[in-house]
Amino acid sequence: MTSTLLRGLLLSAALATPAFSADLRIGLNDDADVLDPVFSRTFVGEIVMASMCDKLVGFSAGSQLVPALATGWTLSEDGLSLSMTLREGVTFQDGTPFNADAVVHSIMRAKTAQGSRRASELSSVKEITAKGTHEVVFTLNAPDATLIPRLVARAGVITSPTAVEAAGENFGAHPVCVGPYKFKERVAQDRIVLEKDEGYYNAAAYSFDTVTFLPIPDSTVRLANLRSGDLDMIERIAPADLATVTSDNRLAHVKAQSLGYQGMTINIANGEGAGPHNPLSQHKELRQALSYAIDRDALNQVVFEGLYAPGNQPFAPGSFWNDAETPVPQRDVAKARELIKSVGLEGFSFTLTVPNNQVNLQVAQVLQAMVAEAGIEVKVEAVEFASMLSAQAEGRYQATLTGWSGYVDPDTNLNQFVVTGGGMNDPKFSNAAVDEALAAARAESDPALRKVQYDAARKILNEELPLLYLYHQSWIWGFNASLQGFKPYADGLIRLEGVTKG
């Protein structure tokens, strides 16, 4: 065989099977918002930060809390003091030492910064102090059984105080944490690139030189890029596309049941989106009518191939925290019409803002057709996801189609969205009895007694409906079959420790 012919055969083989490189390319369902754990709220933003920013507390594939930047912790008998020992010999990605002072700085910034999304998550923290160089002590206003689980999320991300002070409000444009990959560049709506931090304390467990995240809202296009080899992995495969993945022996997939929910957020009293022009904000009966007009099981079958779970609360059916006394309602168009008439109307209309991707648009169209039979007109407005969340926070919406990825502790799925002044209470809902029940749940360590409080809050919320829950999704990741070692996590995040590709 001549060398020319051999080169030609090798070139043909290379074109037929895309070669892997030292870069891992991941397709995301949306573009991330600001990459600052204090102000971030998008799920894809947290996916990116999972490769960039360690937290005080870790989360195992078995949904257990494990040491991370904090190597151990002790809660006082009265529940008012939490001591944490910190990992030693660690530096931030800019070379700043990781120590107790840095932890104090990050926690206080998350607690007190204007507009912080973490403030309500840390409301039980009275103060945090450094005790030597590698121990911190949280002093609490009241016992809080939810604090440690919340430190597995963005509230537990520790950022470089040097970088924060230097960048100020622009920190999210070039974040600096402790993590296996450090920020390299971002092109809005195009890509976020991270590069390996060789100084990371566990760098040997991470195989890739760079990790590139690419927002591709169209699930079909995302899958096509995976099949062509332009992407190594994609998150949130649409259920309708799963058969394509399973029939392609070049691809593999894994699944995990989400800890969160998907549904509608309804503007109750937030800015220009509330008021007489938004009937949903004026009458809980209309929110109830909207709920009764929806067939959640049919929605699951039509859009999600029956792979998701219909829902009406932030806790999935089968969860210990699920309130079985308020089951998923059956569709009842007559009841919906009766509720609409009870406030003197024959029908009403509202605008539903949805993320501009194929799956959410399909959900909106199915909902639109369902509720029309009850005399409810839904005007669908599709926008980029991060822009939708910004408008939602500012009150420039009537209702949105959105959800929450979920965490292991139930408080994180509920408290901040519905308590008065909650960091993500975009409806501006306020109910003293709900506030009291959720505060009591935080203070109680016994799960059974905590559940009593959540059930009490849920019964009120099921009546008031500032959030209208629709379903609980399954996380489905697809990747090239040569990718090895990837583990699915119930929080939906992508963790690359031990992951390799051939």
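Conventions adopted
Residues numbered from 1 in each chain as written. Predicted model: local features only at pLDDT ≥ 70, side-chain atom pairs only at ≥ 80, totals over all residues. Heavy atoms only, no water. Phe/Tyr/Trp six-rings, centres within 6.5 Å; stacked < 30°, edge-to-face > 60°. Helix = DSSP H or I, 4+ residues; strand = E, 2+ residues; numbered from the N terminus. Buried < 20%, exposed > 50% of the residue type's maximum accessible area, 1.4 Å probe, protein only. Lys NZ or Arg CZ within 6 Å of the ring centre and 35° of its normal. Pairing = 2+ DSSP bridges. Contact = heavy atoms within 4.5 Å. Axes fitted to C-alpha atoms, helices over the stretch in contact; angles between N-to-C directions. UniProt positions renumbered as here; feature names shortened; annotations may be inferred. Salt bridge = Lys/Arg side-chain N within 4 Å of Asp/Glu carboxyl O. Arc of directions from axis to C-beta. Parallel < 35°, antiparallel > 145°, perpendicular 65-115°, else oblique. Left-handed = near helix turned anticlockwise from the far one by under 90°. Nonpolar A, V, L, I, M, F, W, Y, C, P; charged D, E, K, R; others polar.

1. A few points about the packing of aromatic side chains
Ring pairs (aromatic) are described by centroid distance and by the angle formed between their planes.
Alright, step 1. By the definition in use, this model includes 19 aromatic pairs.
Alright, step 2. Ring centres of Trp404 and Phe417 lie 5.0 Å apart, and the angle between their planes is 70°; on these two criteria the pair is classed as edge-to-face. Of this pair, Trp404 sits in strand S17 (residues 399-404) while Phe417 sits in helix H14 (residues 411-418), and the two are 13 residues apart along the sequence.
Alright, step 3. By relative accessible area, which is 7% here, Phe417 ends up buried.
Alright, step 4. Of note, Arg495 hangs over the ring of Tyr489, and the distance from its end group to the ring centre comes to 4.2 Å.

2. Here's the deal with the sheet that holds strand S12 (residues 251-257)
Alright, step 1. The 7 strands lie next to each other as S8-S9-S10-S1-S11-S19-S12, forming an open sheet whose pairing is mixed. Bordering the open sheet on either side are strand S8 (181-187) and S12, each of which pairs with just one other strand.
Alright, step 2. Sheet topology places strand S11 (residues 233-234) next to strand S19 (residues 474-480); 2 bridges connect them, and they run antiparallel. If you follow Ile234 over to S19, its bridge partner there is Gly478.
Alright, step 3. Sheet contacts for helix H2 (residues 43-50): strand S1 (23-28), strand S9 (191-196), strand S10 (210-215) and S19; angle to S1, the most-contacted strand, approximately 165°.

3. Quick notes on the sheet that holds S17
Alright, step 1. Read across the open sheet, the 6 strands follow the order S14-S18-S13-S17-S15-S16; overall the sheet is mixed. Of all strands in the sheet, those bounded by a partner on one side alone are strand S14 (309-310) and strand S16 (376-383).
Alright, step 2. The pairing of S14 with strand S18 (residues 467-472) spans 2 bridges and is classified as antiparallel. By the bridge assignment for S18, Pro310 is matched with Tyr471.
Alright, step 3. In this fold helix H13 (residues 385-394) packs onto strand S13 (261-266), strand S15 (348-355), S16 and S17, with an angle of close to 110° to the strand it touches most, S17.

4. What to know about the environment of Ser390
Alright, step 1. Mapped onto the secondary structure, Ser390 falls in helix H13.
Alright, step 2. As for Ser390 and Gln262, which are separated by 128 residues in sequence, their C-alpha atoms are 18 Å apart.

5. Overview of the UniProt feature "domain: Solute-binding protein family" (unreviewed entry) in the protein chain
Alright, step 1. As recorded in UniProt, the feature "domain: Solute-binding protein family" (unreviewed entry) lies at residues 64-422.
Alright, step 2. Along residues 64-422 one finds 29% helix and 24% strand; the C-alpha atoms at either end are 26 Å apart.

6. Considerations on the pairing of S13
Alright, step 1. Burial within S13 is extensive, with 6 of its 6 residues counted as buried.
Alright, step 2. Strand direction decides the pairing type here: S13 and S17, joined by 6 bridges, are antiparallel. Across the sheet, Tyr261 pairs through a bridge with Trp404, a residue of S17.
Alright, step 3. Bridging between S13 and S18 involves 4 bridges; their strand directions are antiparallel. Bridged to Thr265 within S18 is Leu467.

7. Some points on the pattern of salt bridges
Alright, step 1. Following the criterion strictly, the structure yields 28 salt bridges and no others.
Alright, step 2. Measuring nitrogen to oxygen at the nearest pair gives 3.5 Å for the salt bridge that ties Glu463 to Lys284. Here Glu463 is found in helix H16 (residues 447-464), whereas its partner Lys284 is found in helix H9 (residues 284-292), with 179 residues between them in sequence.
Alright, step 3. Beyond isolated ion pairs, a larger network of salt bridges with shared partners links Asp144, Arg150, Asp411 and Arg442.

8. Some points on helix H6 (residues 219-228)
Alright, step 1. Taken together, the buried positions of H6 are Ser219, Arg222, Leu223 and Leu226. The arc enclosing the buried residues of H6, seen along the axis, measures out at 95°, which places them on a common side.
Alright, step 2. At its buried positions, H6 is contacted by S1, S11, helix H7 (242-246), S12, helix H12 (358-372) and S19.
Alright, step 3. Taken from the residues just after H6, Gly229 is the one with a positive phi, measuring 90°.

9. Topic: the packing of H14 against H16
Alright, step 1. Relative orientation of the contacting elements H14 and H16 amounts to 45°, with a least axis distance of 12 Å. Here H14 lies oblique to H16, going by the angle between them. Crossing handedness for the pair H14 and H16: left-handed. Along the contact surface, H14 presents Asp411, Leu414 and Val418, while H16 presents Arg450, Tyr454 and Leu461.
Alright, step 2. In the contact of H14 with H16, the residues fall into 4 nonpolar, no polar and 2 charged.

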